[in-house]
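A look at the structure
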Amino acid sequence: MSKRLLVIGSGGREHALVWKLAQSPQVEKIFVAPGNPGTASIDKAVNVDIKVMDFGKLEHLAYKEAIDLTIVGPDDPLGDGIVDSFQAKGLKIWGPSQSAARLESSKAFSKDFMTRHNIPTAEYQVFTELEAAMNYCNEKGYPIVIKASGLALGKGVAIAQCQQEAHDFLEKIFVERIFGDAGNEVVIEEFLEGPEISIHAFADGSNSLILQSAQDHKPVGEGNTGPNTGGMGTITPLPWLTEAELQVIDETIVKPTIAGMKAEGNPFVGLLYPGLIMSKKGPRVLEYNVRFGDPETQIYMRTLETDLVDIIEASLEGRLDQIQLAWSGKSAACIILASGGYPGSYAKGKEITGIDEANQEIDIVVFQAGTKLDDGNLVTNGGRVLGVTAIAADLETAISKAYKAAAKINFEGKYQRNDIGFNLTSLTNCSISA
Ligand code: AMP
Ligand code: GLY
């Protein structure tokens, strides 16, 4: 009953995970590598200055400190096989194997996997030359989505509204070769219209447990305009998505994914996070992630009542069917405070004030992401700096409490979206009949 944990990562997601894990009576101490000033401020937690990709040093730490369980935050170490590496040395770690993590790390793998298992996603085809690609666009009609298959994170993606736009973009890829070899292959995909939502599910290789619904706000600008970020704010649960609709998503997307991975000899153990578009034809998978979303985790940890250690151990031992998730019944909202200029270039080292005042407000917890201590002062050190989270009986109240607390915090260049969760009722024109 005195477990020693290691949490890998340094963002708002990891601060929220450590905050929640520290509440477990089973947990004695949490090492965080590398962590941030927020994780260091938690009584049971201590930061260790090791980078997330330095598997050797992380494994050495796990031995030396007799760690009972390691939990991985970000996708990079998962894609690089940190779980396989720890397990080969007899160390207990929670997350998908490198092979299962291909659901996120390889677009080609995940699209083909969805096709093999009839999991609803945007219809697509892969092309290696201009003329065939153009013919396909014209045959399918516009708008249509064109993606240079070697590039990630929204770069190299164009939504072509007409033949001319499709031709211009394909010419840039195939003739001008603006993406180099990453444009050798082009994925052309059906344009999906509708609200984007975040689904999360714990999985043990065979069983899965879906979390309540959530929504991120990825573009930097209000009204979902401008370039994509890591996420500017989240809400949970979505008032417009019913329990029955969430069940449809579970039955048509989450469970078939876990069953398909198992059938292919790649059992998925960890946290599966499919990003969906709620199209008029039903929910469609836009992409899979194989780890907790950020800032989704910041609101999930505020509303999940079940001990997270119990869930993770059940996931590792293949007995998630014996666990039921308990939620507080409250709604939660998170407003991200970012450095002005993000996701482009931005200044660092700006002094942050007002976190204590914000935290003193009832039902508020401020999670830290891009922060560091400079001579004892907390300063900005990244694009997404803080996540201000609030809980309340209803979502409107949670959102307004979060904005009120966010107003108490200041740093030079502070930027936030002022419309997080704003459009609570406009998303109902999607159909879920899959
Ligand atoms: P990706 O690089 O595939 O993650 O795409 C980046 C962003 O483009 C996504 O977050 C979506 O907002 C948008 N997008 C990608 N694919 C589609 C699609 N088939 N239909 C509509 N929007 C899309
Ligand atoms: N919420 C966006 C992400 O974690 O990828």
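Before reading further, recall that the structure is shown in the block above.
Residues numbered from 1 in each chain as written. Chains lettered and ligands numbered in written order. Predicted model: local features only at pLDDT ≥ 70, side-chain atom pairs only at ≥ 80, totals over all residues. Heavy atoms only, no water.

Quick notes on the overall build of the protein chain
- Of the regular secondary structure elements, the protein chain holds 14 helices and 24 strands.
- Taking 22 Å as the expected radius of gyration for a compact globule of 434 residues, we find that the protein chain reaches 22 Å, a close match to that expectation.
- Over its C-alpha atoms, taken along the principal directions, the protein chain stretches across nearly 60 × 45 × 45 Å.
- Sorting the 434 residues of the protein chain into buried and exposed places 55% on the buried side.
- Summarising the internal contacts of the protein chain: among those between residues at least 6 apart in sequence, 68% fall at separations of at least 24.
- With the model as given, the accessible surface of the protein chain reaches about 18000 Å², and the carbon-plus-sulfur share is 48%.
- The average position of the 39 basic charges and that of the 56 acidic charges among the side chains of the protein chain differ by 3 Å. (Helix = DSSP H or I, 4+ residues; strand = E, 2+ residues; numbered from the N terminus. Rg over C-alpha atoms; globule rule 2.2 N^0.38 Å. Buried < 20%, exposed > 50% of the residue type's maximum accessible area, 1.4 Å probe, protein only. Contact = heavy atoms within 4.5 Å. Areas by Shrake-Rupley, 256 points an atom, 1.4 Å probe, with all protein chains shown as cover. Lys, Arg positive; Asp, Glu negative; His and termini not counted. Charge placed at Lys NZ, Arg CZ, Asp CG, Glu CD.)

Digging into the environment of Lys 20
- By the secondary structure assignment, Lys 20 is in helix 1 (residues 12-21).
- In this structure, the C-alpha to C-alpha distance between Lys 20 and Val 309, residues 289 residues apart in sequence, is 9.5 Å.
- Once residues lying within four places of it in the same chain are set aside, the contact partners of Lys 20 are Met 301, Leu 304, Glu 305, Thr 306 and Leu 308.
- Polar contacts involving the side chain of Lys 20 include one to the main-chain carbonyl oxygen of Thr 306, which spans 3.1 Å. (Polar contact = N/O pair within 3.5 Å; in protein donor to acceptor, adjacent residues only side chain to side chain.)

Quick look at the site of ligand 1
- Within the structure, ligand 1 sits among 14 residues, and Lys 107, Lys 147, Glu 189, Glu 190 and Leu 192 are positioned closest to it.
- Contacts to ligand 1 include Lys 147, whose side-chain N or O atom sits 2.7 Å from an oxygen atom.
- Here a nitrogen atom of ligand 1 and a backbone polar atom of Leu 192 are 2.9 Å apart.
- Against a free-state accessible area of 480 Å², the protein chains account for coverage of 87% of ligand 1. (Near = heavy atom within 4 Å.)

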